[in-house]
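So you can see what is in the structure, the chains are spelled out below.
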Amino acid sequence: MTSMSRARVARRIAAGAAYGGGGIGLAGAAAVGLLLAEVRLARRRVGNGPSGRVPDAQGLYGGTPQAGGQPLRLMMLGDSTAAGQGVHRAGQTPGALLASGLAALAERPVELRSVALPGARSDDLDRQVALALADQSRVPDICVIMIGANDVTHRMPPTRSVRHLSAAVRRLRTAGAEVVVGTCPDLGTIEPVWQPLRWLARRASRQLAAAQTIGVVEQGGRTVSLGDLLGPEFAANPRELFGPDNYHPSAEGYATAAMAVLPTVCAALGLWPAEEERPDAARREGFLPVARAAAAAASEAGTEVAAALPAGPRGPWALLKRRRRRRVPETEPEPTAQPS
């Protein structure tokens, strides 16, 4: 499928989400039916690792509030990837890694909270957003959402999936929070899934990721592609980057994802160097119609898409960035205190 074809499919899905359509399938209903059966078999085969427990990483990172002013509030929403399922210690979860890295770069404390739920699909975001905004005196400064894999494996229509995600981003942005979405990961990397279903899984994942990008950017959020990031790197190092269940990332895998998301989190909060906000032609950055930017991002690791210019004849425009990754702290982060 060409980049223009991918852009058209993504735009059709996003338009269906916006205007109430629901009949557009991901890679064909029959193919996804086969994929669903294969992934369910794979999940039964790998189980859930030695424990389905998710470490509680909530707390204050980067010292006490007195040491650096009021803490930034970071909220994690989404599924098991956002929650950090598959690792044993709180400091290995993506939320802890992001909070620690953000605290170091902002030079102020970061309060991490999470409403992410393993197994969640995009239709659970309504509940999660309600929890995130329940206390109007503690609206998050930044929300990170990781969602989409369970939508594909449970055959949620992509228009419905994008509709729920777009609504969640709109509510969070209206409340004053910045939003960064890690789009649907590449299900073609799951080790027990074989060809040709591996190819179909990759295609379905990228279609949804591109459509998610359009929906998020149109509501004022930013996206980071996790699909290709967790593709070649995971495929080359499956024993290192997958956890004991061969399904969820390992500590190294979550660190790789956190390194990709952290620059966009910092940029959303105005903490990234000003000179890096300009598009760099040498890194193939620039302004594109949002559907083309979304299709390109779905195929390349760690690519950011953010709203840029008002809508033109070809619709909204977006800025596609390939930010330089900043390493997360070498020492494993742990919260210094539980939030009050």
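Predicted model only: the values in this text are computed from it and were never measured.

K.L.:
Any chance you could explain the overall build of the protein chain here in plain terms?
P.N.:
On a plain count of helices and strands, the protein chain comes out with 13 helices and 9 strands. Considering only contacts within the protein chain whose residues lie at least 6 apart along the sequence, 81% involve residues at least 24 apart.

K.L.:
Quick question: what am I supposed to make of the packing of helix α5 (residues 94-106) against helix α12 (residues 251-268) here?
P.N.:
How two helices sit against one another is set out by the angle between their axes and by the gap between those axes. Where α5 contacts α12, the axes come no closer than 9 Å and their chain directions differ by 45°. Between α5 and α12, the crossing angle belongs to the class labelled oblique. Where α5 crosses over α12, the two elements pack in a sense that is right-handed. Residue-level inspection shows Pro94, Leu97, Leu98, Gly101, Leu102 and Leu105 of α5 in contact with α12, the latter providing Tyr254, Ala255, Ala258, Val261, Leu262, Val265 and Cys266.

K.L.:
In this structure, what is going on with the pattern of salt bridges? I would like to understand it.
P.N.:
Opposite charge on two side chains makes pairing possible when the charged atoms of those side chains draw close. Applying the stated criterion to the full structure yields 11 salt bridges. In this structure, Glu178 engages Arg173 in a salt bridge whose closest nitrogen and oxygen atoms are separated by 3.7 Å. Overall, the relative accessible area of 23% leaves Glu178 in the partly exposed class. You can call Arg173 partly exposed: its relative accessible area is 26%. Measuring nitrogen to oxygen at the nearest pair gives 2.8 Å for the salt bridge that ties Arg322 to Glu300.

K.L.:
Looking at this model, I keep getting lost on the nonpolar core. Mind explaining?
P.N.:
Leu74, Leu98, Leu102, Val144 and Val261 are the most contacted members of the largest nonpolar core, which totals 37 residues. Contributions of two or more residues to this core are made by β2 (72-78), α4 (80-83), α5, β3 (110-114), β4 (142-146) and α12. The element that contributes the greatest number of residues to this core is α12, accounting for 11 residues. In contact with Leu102, other than residues within four places in its own chain, are Leu72, Glu107, Val110, Ile142, Leu262, Val265, Cys266, Leu269 and Leu271. Formed by 22 residues, the second largest nonpolar core is a distinct cluster that contains Ala149, Leu208, Ala210 and Ala293.

K.L.:
So what exactly am I meant to see when it comes to the packing of helix α6 (residues 125-132) against helix α8 (residues 158-174) here?
P.N.:
With their axes 9 Å apart at the nearest point, α6 and α8 run at an angle of 10° to one another. Between α6 and α8, the angle is such that the two are roughly parallel. Taken as a pair, α6 and α8 cross one another with a handedness that is right-handed. Contacts between α6 and α8 involve Leu125, Asp126, Val129 and Ala130 from the former and His164, Leu165, Ala168, Arg171 and Leu172 from the latter.

K.L.:
Which parts of the structure should I look at to understand α12?
P.N.:
An α-helical turn contains 3.6 residues, so a residue and the one three or four places further along point in the same direction. Taking 1.5 Å of rise per residue, 18 residues should cover 26 Å, and α12 covers 25 Å from first to last C-alpha, within 8% of that figure. Where α12 bends most, at Val261, the angle is about 30°, and the proline Pro263 comes one to four residues later. For α12, the tally of buried residues reaches 16 of 18 residues, placing the bulk of the element in the interior. Two residues or fewer after α12 comes Gly270, characterised by a positive phi angle close to 75°.

K.L.:
Whenever I open this one, the pairing of β3 confuses me. Can you help?
P.N.:
In terms of burial, β3 is a largely internal element, 4 of the 5 residues being buried. As paired strands, β2 and β3 are joined by 5 bridges and run parallel to one another. Across the sheet, the residue bridging to Met75 is Arg113, located in β3.

K.L.:
What am I meant to see in the side chain of Asn150 here?
P.N.:
The residue Asn150 is located in helix α7 (residues 149-153) in this model. Looking at Asn150, the relative accessible area reads 4%, which means it is buried. Here the side chain of Asn150 touches Ala120 through a polar contact of 2.9 Å, landing on its backbone oxygen.

K.L.:
Which parts of the structure should I look at to understand the environment of Ala90?
P.N.:
Of note, Ala90 is situated in the loop between α4 and α5. A C-alpha to C-alpha distance of 4.9 Å links Ala90 and Pro55, two positions 35 residues apart in sequence.

K.L.:
Hey, could you run me through unusual backbone geometry in this one?
P.N.:
Most peptide bonds take the trans configuration, and most residues that are not glycine carry a negative phi. Located in the positive-phi region is Arg155, a residue other than glycine, with phi close to 60°. Among the secondary structure elements, Arg155 is positioned in the loop between α7 and α8. Taking the relative accessible area as the measure of exposure, Arg155 reaches 47% and is therefore partly exposed. Notably, Arg284 is not glycine yet its phi reads approximately 60°, a positive angle. With respect to the helices and strands, the residue Arg284 is situated in the loop between α12 and β7 (286-289). You can call Arg284 exposed: its relative accessible area is 54%.

K.L.:
Help me understand α6 in this model?
P.N.:
For α6, the complete set of buried residues consists of Leu125, Gln128, Val129 and Ala132. In an axial view of α6, the angular spread of the buried residues amounts to 100°, which keeps them on one side of the axis. The secondary structure elements touched by the buried residues of α6 are β2, β3, β4 and α8.

Cut-off values and rules
- Residues numbered from 1 in each chain as written.
- Predicted model: local features only at pLDDT ≥ 70, side-chain atom pairs only at ≥ 80, totals over all residues.
- Heavy atoms only, no water.
- Helix = DSSP H or I, 4+ residues; strand = E, 2+ residues; numbered from the N terminus.
- Contact = heavy atoms within 4.5 Å.
- Axes fitted to C-alpha atoms, helices over the stretch in contact; angles between N-to-C directions.
- Parallel < 35°, antiparallel > 145°, perpendicular 65-115°, else oblique.
- Left-handed = near helix turned anticlockwise from the far one by under 90°.
- Salt bridge = Lys/Arg side-chain N within 4 Å of Asp/Glu carboxyl O.
- Buried < 20%, exposed > 50% of the residue type's maximum accessible area, 1.4 Å probe, protein only.
- Core = buried A, V, L, I, M, F, W, Y, C linked by side-chain atoms within 4.5 Å.
- Expected span 1.5 Å × (residues − 1).
- Bend = angle between axes of the 7 residues up to and from the residue.
- Pairing = 2+ DSSP bridges.
- Polar contact = N/O pair within 3.5 Å; in protein donor to acceptor, adjacent residues only side chain to side chain.
- Arc of directions from axis to C-beta.

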